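As a plain string of letters, each chain reads:
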Amino acid sequence: MTANTPVVTRFAPSPTGALHVGGARTALYNWAYARRHGGRFILRLEDTDQKRSTAESTRGILRDLAWLGIDWDEGPDANADNWDDGANQRGANGPYFQSQRLKIYDEYFDKLIAAGLTKKEDNGALRFMNPKRSIAVRDEVLPTATIGPLAQEDFIIRKADGFPTYHFAVVVDDATMGVTHVIRGQEHHSNTPKHIALQDALGLPRPIYAHIPLILNQDNSKMSKRDKAKTARDEVQKWICNGGSIDELAERMVANEEKARQLYPTMQSPSVTASEIVDFLTKKSADFTQNDVEVIPGMMARELGFHLPEIEVNDFRWNGYLPESLCNYLALLGWNPGNNLERFDTDDLKEEFSLDRVGKSAAKFDREKLAAFNADRIAGLRPEVFRQKLWEVCFRGRGIANQFQNDPNGPRFVAFAEAYQSRSKTLSDTVEQGRFFFLDADAIAYDDKAVDKVLAKNDGQGFGVLEGLRAVFAELPDDGFGHAAHEAIKAYSEQHELGMGKVAQPVRVAVSGSTVSPPIDQTLDILGKAETLARIDRCLQLRTATS
RNA sequence: GUCCCCAUCGUCUAGCCUGGCCUAGGACAUCACCCUUUCACGGUGAAGACACGGGUUCAAAUCCCGUUGGGGAUACCA
């Protein structure tokens with residue numbers, strides 16, 4: 001490899017599931033490295049596992065990469081949904097699905113057979129008879145590792161079904177596609193001697209390797225999509241202990257299947273039965289199917305209202321993370337620009353990224369820090385952009401848009417977005433926090449402690465304030481109600497020589513059910529006059545109940 | 001078991017290659033205070049780390065060896 005050879009990197013996911021954050025980071029680094037050096041970035045699908053590979057997974061992966069802002073120079077067209085026989089693929093080194101490159105592999109199998117370096121197994125599989133020479137693995141991140149002959153082994157390179165194994169396909173493809181730099185997870189570091197042995201036997205060039213650190217869970221376990229299934233099981237068990245029934249859950253999941261399908265494009269089974277749920281709850285985690293791991297937990301979380309740990313890019317997307325926050329956070333997980341700069345854009349990354357600043361040790365995925373990055377980004381969004389994103393992510397499919405007259409540009413939704421922009425860690429967090437806005441007046445759940453402290457205490461002083469204010473509010477105009485009400489509250493507090501807290505809090509509790517809401521003028525603007533009065537009336541009824 | 005890799009605040013990390021400028025810097029989280037009609041936002045500040053043991057050196061977070069701990073690989077998965 002000469003100094004002026006153009007850089008070619010690749011991301012080579014296997015389409016056996018959704019795009020994982022670890023994969024996303026690998027893609028990001030490969031992409032950034034190619035961009036930084038004016039080279040090419042290839043996307044290749046490693047679908048040599050015929051049983052587990054699906055076109056749905058491929059679609060999901062392409063969509064998630066595109067969402068992150070990662071584009072590729074060669075590979076399948078992201079907007080197509082069928083890539084059979086080389087269709088809808090771009091680039092001179094295709095096809096970009098390994099299942100479509102069988103003829104190429106056969107050529108290389110023949111070379112090895114001719115060289116006497118293979119052994120045929122009974123069922124037709126082919127084993128590479130490793131010459132077992134001492135091999136030095138050079139790496140841009142890790143120190144050179146030398147593997148002696150004793151540590152090397154023969155391994156299968158062609159499966160009984162005629163497909164190549166990963167080790168063989170990766171070597172042939174990287175070479176035939178002209179890949180110069182292989183940036184991949186450290187789980188592949190120990191595989192590299194196998195790849196080098198194959199390159200040597202085949203007379204192929206060695207790419208430059210860079211093995212990047214693993215991403216771990218808080219408890220040091222490898223971050224796994226099974227974590228979602230485990231959480232779902234625990235939550236469902238809890239729900240059943242509290243009197244929930246499996247039949248009911250199944251019924252609800254089936255009823256909302258269409259919505260789930262939008263969220264989980266890899267979803268396979270058409271509907272969920274009670275017995276499938278029982279099966280899911282009791283089977284060994286090693287037996288989880290793709291559906292168990294990616295779809296069922298999501299549907300359960302939706303129905304029962306619990307929170308799942310985000311593992312896949314798709315999860316972050318639907319839970320209201322911005323792609324730029326995820327990229328920013330992921331970029332920093334294992335790499336840093338060398339100064340104290342932490343918040344930067346993907347554009348900066350492609351100017352700055354370098355392998356010599358990639359760390360060696362595994363990193364734990366810190367959701368809190370990601371959330372802080374996301375909150376920062378959300379706060380920095382132009383208000384109209386935030387409003388539009390909020391509407392898309394949270395309201396579509398959640399059935400609450402009608403609370404805002406289905407109008408993303410109406411004054412009440414504008415007020416809602418404004419109130420929550422600096423209060424939201426994620427877009428969906430906004431909906432959680434602002435849930436009370438979407439309820440009917442008689443569905444508000446009043447927090448006992450709040451009612452007691454703010455309204456009932458001191459012989460119902462708060463109720464008295466509320467009653468007085470109710471009369472004043474009734475005279476105010478619909479237009480600019482929140483502002484006018486706020487002025488009225490101030491006037492009332494001066495007139496009765498009460499602190500603002502003594503006056504505003506009763507209103508807050510009356511309309512929200514708790515002591516927490518955005519500033520009172522904004523809160524009332526979002527609600528509007530009629531709804532505010534309705535809620536105050538409803539709240540006033542509590543007076544007799546508590547006295 | 002065997003082979004390979006890793007080791008700085010709770011977490012992500014800067015510093016290590018080219019020993020002294022390190023009384024170890026930043027970010028997230030935590031705590032306190034300020035702002036304030038609640039919750040946030042914002043501001044100020046505090047607490048918090050060189051895994052351990054040996055070397056080498058005038059001097060070690062930085063170099064060497066060992067111990068311990070962690071991770072990965074050891075599939076007709078990738």
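Here's what I pulled together on the structure shown here.

Thresholds applied
- Residues numbered from 1 in each chain as written.
- Chains lettered and ligands numbered in written order.
- Predicted model: local features only at pLDDT ≥ 70, side-chain atom pairs only at ≥ 80, totals over all residues.
- Heavy atoms only, no water.
- Near = heavy atom within 4 Å.
- Polar contact = N/O pair within 3.5 Å; in protein donor to acceptor, adjacent residues only side chain to side chain.
- Helix = DSSP H or I, 4+ residues; strand = E, 2+ residues; numbered from the N terminus.
- Nonpolar A, V, L, I, M, F, W, Y, C, P; charged D, E, K, R; others polar.
- Pairing = 2+ DSSP bridges.
- Axes fitted to C-alpha atoms, helices over the stretch in contact; angles between N-to-C directions.
- Buried < 20%, exposed > 50% of the residue type's maximum accessible area, 1.4 Å probe, protein only.
- Contact = heavy atoms within 4.5 Å.
- Core = buried A, V, L, I, M, F, W, Y, C linked by side-chain atoms within 4.5 Å.
- Salt bridge = Lys/Arg side-chain N within 4 Å of Asp/Glu carboxyl O.
- Right-handed = clockwise from strand over helix to strand, strands pointing away.

## A few points about the protein's contact with RNA strand B
With respect to spatial proximity, 57 residues lie near RNA strand B, and among them Thr48, Asn123, Lys159, Arg423 and His486 are the closest. Among all atoms of RNA strand B positioned within 4 Å of the protein, those belonging to sugar or phosphate total 71%. One nitrogen or oxygen atom from the side chain of Arg343 is found 3.4 Å from a phosphate oxygen belonging to RNA strand B. Ser422 has a polar backbone atom sitting 3.3 Å from a sugar or linking oxygen of RNA strand B. Of all the secondary structure elements, the ones that give two or more residues to the surface near RNA strand B are α4 (166-176), β13 (363-364), α15 (367-380) and α21 (500-512). In terms of residue count, α21 provides more of the surface near RNA strand B than any other element does, five residues in total. The residue makeup of the surface near RNA strand B, split by class, is 19 nonpolar, 21 polar and 17 charged.

## A few points about the sheet that holds strand β5 (residues 118-120)
What the three strands build is an open sheet, ordered β5-β6-β9; its pairing is antiparallel. Two strands bound the open sheet, and with one partner strand each, they are β5 and β9 (155-158). If you compare each strand with its neighbour and ignore which way they point, the axes differ by 40° on average. Across three bridges, the pairing between strand β6 (residues 126-128) and β9 is antiparallel.

## Focus: unusual backbone geometry
Most peptide bonds take the trans configuration, and most residues that are not glycine carry a negative phi. The step from Gly94 to Pro95 runs through a cis peptide bond, and the omega angle for that step is -5°. Residue position: Pro95 is located in the loop between β4 (89-90) and α3 (102-114). Residue Asn458 is not a glycine yet carries a positive backbone phi of 55°. Here Asn458 shows up in helix α19 (residues 448-474). By relative accessible area, Asn458 is classed as exposed at 54%. In the Ramachandran plot, Glu497 falls in the positive-phi region, its phi being about 50° despite a non-glycine side chain.

## Concerning the side chain of Ser517
Mapped onto the elements, Ser517 comes out in the loop between α21 and α22 (520-527). Overall, the relative accessible area of 13% leaves Ser517 in the buried class. Looking at Ser517, its side chain comes within polar contact range of the side chain of Arg508, at 2.9 Å. Separated by 3.1 Å, the side chains of Ser517 and Thr523 make a polar contact. Apart from the residues lying within four places of it in its own chain, the contact partners of Ser517 are Phe436, Arg508, Ser512 and Thr523.

## Side note on the side chain of Glu74
Residue position: Glu74 is located in the loop between α2 (55-68) and β3 (75-76). At a separation of 3.0 Å, a polar atom in the side chain of Glu74 contacts the side chain of Asn93. Contacts of Glu74, omitting those with residues within four sequence positions, involve Arg40, Phe41, Ile42, Leu43, Arg90, Gly91, Ala92, Asn93 and Tyr96.

## Concerning the environment of Gly185
If you trace the backbone, Gly185 turns up in strand β10 (residues 181-185). Residue Gly185 is classed as buried on the basis of its relative accessible area of 9%. Residue contacts for Gly185: discarding those within four places in its chain leaves Thr26, His211 and Ile212.

## Quick word on the nonpolar core
Within the largest apolar cluster, 55 residues are counted, with the highest numbers of intra-cluster contacts made by Leu390, Phe395, Phe416 and Phe473. Those elements giving two or more residues to this core turn out to be α16 (383-395), α17 (411-420), α18 (427-433), α19, α20 (481-495), α21, α22 and α23 (529-546). Take this core: its biggest share by element is nine residues, from α19. Setting aside its immediate chain neighbours within four residues, Leu390 contacts Phe395, Phe413, Phe416, Ala417, Leu427 and Thr430. Listed in part, the 54 residues of the second largest apolar core include Leu45, Ile70, Ala210 and Ala331.

## Remarks on the pattern of salt bridges
Scanning the model with the defined rule gives 33 salt bridges in all. Of the charged contacts, one joins Asp64 and Arg317 as a salt bridge, the two residues approaching to 3.9 Å between their closest N and O atoms. One end of the pair, Asp64, is in helix α2; the other, Arg317, is in helix α12 (residues 313-318), and 253 residues separate them in sequence. Overall, the relative accessible area of 0% leaves Asp64 in the buried class. Since its relative accessible area comes to 21%, Arg317 is described here as partly exposed. Of the charged contacts in the structure, one is a salt bridge between Glu531 and Arg535, with a shortest N-O distance of 2.8 Å.

## With respect to the environment of Ala510
Mapped onto the fold, Ala510 is located in helix α21. Ala510 sits in the buried class, given a relative accessible area of 0%. Along the primary structure Ala510 and Tyr446 are separated by 64 residues, whereas in three dimensions their C-alpha atoms are 8.1 Å apart. Those residues in contact with Ala510 that lie beyond four places of it in its chain are Tyr446, Leu466, Arg535, Ile536 and Cys539.

## Quick look at the pairing of β10
By the criterion of burial, β10 is predominantly enclosed, with five of the five residues buried. When β10 meets strand β11 (residues 208-212), the two strands line up parallel, connected through five bridges. Across the sheet, the residue bridging to Arg184 is His211, located in β11.

## Quick notes on the pairing of β11
For β11, the tally of buried residues reaches four of five residues, placing the bulk of the element in the interior. Since β10 and β11 lie parallel, the crossover through helix α5 (residues 192-202) that links them has a hand, and here it is right-handed.

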